[in-house]
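Observations on the model geometry
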Amino acid sequence: SGLGLGLGVGLGFKMRTWAILAFGLGLGLGFRGGPKPTLRLRPRVGVRPWAAGELRASQDWEAGSPAVNATVYAMATLDEAGATNMNIITYATRCSIEPKELWAVSIYKDTKTHDNFFGRGGGILQNVDKAELSAAAGFPWVDAETLGLGLTLNLKPKLLAGAVGYLEVKLLQAVDAGDHDLCLCEVIGARQRPERALDMSTGRGFLA
């Protein structure tokens, strides 16, 4: 009880003075009759607890990281003679916006694209539609000037007509990532089709 707590505090000091005892009684009476604190848990709306045995170690799992349905890019590069090379890039993502737009692009080693990209210090990322890219005819390669991008390209490889967007990237630095080199790149020019949007989960372009 509150009075017992007060007496306990007073007796704990061996009742040296009445002041200590009065302090103890005051402390006890201060808590006397007060509401007891309770812990109330608010349930999370829409969250259902696991039923007993519902989550079991015997569930079917596969080894390895989950499959990723990534956006598809075609990297256009130039060799020393000025000939265009193209290769599919799926490991590419924006990683910074301000003060410069930076992208992380992973390029497979021992490829012409890798040699050209490092030799020229960059390339053109073309955002393509998976369905269109897989068409039997494929995209024609055209001169960038014929696309009317209004973009002054430092590199001028041939590009794919009909891509959703084009990004010229400049190599800043690279990290050895095993079978790939992970390249930090600055976007120095970009254009996208105003009537097209991109579903980033599937890589399919669609009419906005």
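Bear in mind that the values here come from a model prediction, so they are computed numbers and not experimental data. Sequence order as written defines residue numbering, which begins from 1 separately in each chain. Local features in a predicted model are, by the rule used here, given only for residues with pLDDT of at least 70; side-chain atom pairs are given and counted only at 80 or more, and totals for whole chains, interfaces and linings are based on all residues. Each side-chain value is worked out from all heavy atoms of the structure, with water and hydrogens disregarded.

Each helix and strand in the protein chain was counted, giving four helices and 11 strands. Two residues form a contact once any of their heavy atoms are found within 4.5 Å. Sequence-distant contacts, at least 24 apart, represent 58% of the contacts inside the protein chain between residues at least 6 apart. Areas reported as accessible are Shrake-Rupley estimates using a 1.4 Å probe. Residue values count occlusion only from the protein chains shown. A total accessible area of about 14100 Å² is found for the protein chain, and carbon and sulfur atoms account for 58% of it. Segments assigned H or I by DSSP are reported as helices when at least four residues long, segments assigned E as strands when at least two residues long, and all are numbered from the N terminus.

Our next topic: the sheet that holds strand 5 (residues 122-127). Think of a sheet as strands paired side by side through backbone hydrogen bonds, with each pair either parallel or antiparallel. In spatial order, the strands read 2-1-5-8-9-4-3; together these seven strands make up an open sheet with antiparallel pairing. Two strands bound the open sheet, and with one partner strand each, they are strand 2 (84-89) and strand 3 (92-96). Strand-to-strand, the axes of this sheet are offset by a mean angle of 35°, without reference to chain direction. A pair of strands is labelled paired if DSSP reports no fewer than 2 bridges between them. Note: strand 8 (residues 165-177) against strand 9 (residues 180-192), 12 bridges, orientation antiparallel. Residue Ala 177 lies in a different strand from strand 9, and its bridge partner there is His 180. Here helix 3 (residues 112-120) sits on the sheet and contacts strand 1 (73-78), strand 2, strand 4 (102-108), strand 5, strand 8 and strand 9; the angle it forms with strand 1, its principal contact strand, is near 60°. Here, axes are lines fitted to C-alpha atoms. For helices the fit covers the stretch in contact, and angles between N-to-C directions go from 0 to 180 degrees.

Moving on, we come to the confidence of the model for the protein chain. Confidence along the protein chain averages 73 in pLDDT terms, with 60% of residues attaining 70 or more. This stretch, residues 1-34, has a pLDDT under 50; its non-local contacts, to residues over four places away or in other chains, come to 17 contacts. Per residue, pLDDT measures the predictor's confidence, with a range of 0 to 100. Note that pLDDT drops below 50 for residues 199-208; the model gives that stretch 31 contacts with residues more than four away or on any other chain.

As a further point, take the pattern of salt bridges. Put simply, a salt bridge is a Lys or Arg side-chain nitrogen that is within 4 Å of an Asp or Glu carboxyl oxygen. Here the structure, examined in full by the defined rule, presents five salt bridges. Residue Glu 101 is joined to Arg 94 by a salt bridge in which the shortest nitrogen-to-oxygen separation is 3.2 Å. Looking at Glu 101, the relative accessible area reads 22%, which means it is partly exposed. The shortest N-O distance in the salt bridge between Glu 186 and Lys 100 comes to 3.9 Å. Highlighted residues: Glu 186 in strand 9 and Lys 100 in the loop between strand 3 and strand 4, separated in sequence by 86 residues. Here's how the labels work: a residue is buried when its accessible area is under 20% of the maximum for its type, exposed when over 50%, partly exposed in between, all with a 1.4 Å probe on protein chains only. What makes Glu 186 buried here is its relative accessible area of 12%. A single network of salt bridges, built from pairs that share partners, joins Lys 100, Lys 170 and Glu 186.

Quick look at the pairing of strand 1 now. Most of strand 1 sits inside the fold, with six of its six residues counted as buried. Both faces of strand 1 are covered, namely the face carrying Tyr 73, Met 75 and Thr 77 and the face carrying Ala 74, Ala 76 and Leu 78. Across six bridges, the pairing between strand 1 and strand 2 is antiparallel. Among the inter-strand pairings, Met 75 is bridged to a residue of strand 2, identified as Asn 87. Turn length for the strand 1-strand 2 hairpin, with the two strands adjacent in sequence and antiparallel, is five residues, and the turn residue Gly 82 shows positive phi of about 90°.

An α-helix turns once every 3.6 residues. As a result, residues three or four positions apart point the same way. For helix 3, every residue scored as buried is listed here: Thr 113, His 114, Asn 116 and Phe 117. Residues of helix 3 that are buried sit in contact with strand 1, strand 2, strand 4, strand 5, strand 8 and strand 9. Positive phi shows up at Gly 121, right after helix 3, with a value of about 80°.

Attention shifts here to the state of the cysteines. Note on terminology: pairs of cysteine sulfur atoms within 2.5 Å are recorded as disulfides. In this structure the tally under the stated criterion is zero disulfides. Looking at Cys 95, it has no disulfide partner, and the nearest cysteine sulfur is the one in Cys 185, 8.6 Å off. The class of Cys 95 is partly exposed, set by a relative accessible area of 44%. Of the cysteine sulfurs around Cys 185, a residue in no disulfide, the closest is that of Cys 183, at 5.3 Å.

Now for unusual backbone geometry. Backbone torsion omega between Glu 98 and Pro 99 reads -5°, so that peptide bond is classified as cis. Looking at the element boundaries, Pro 99 is found in the loop between strand 3 and strand 4. A positive phi angle, near 55°, is found at Asp 110, a position not held by glycine. Residue placement: Asp 110 occurs in the loop between strand 4 and helix 3.

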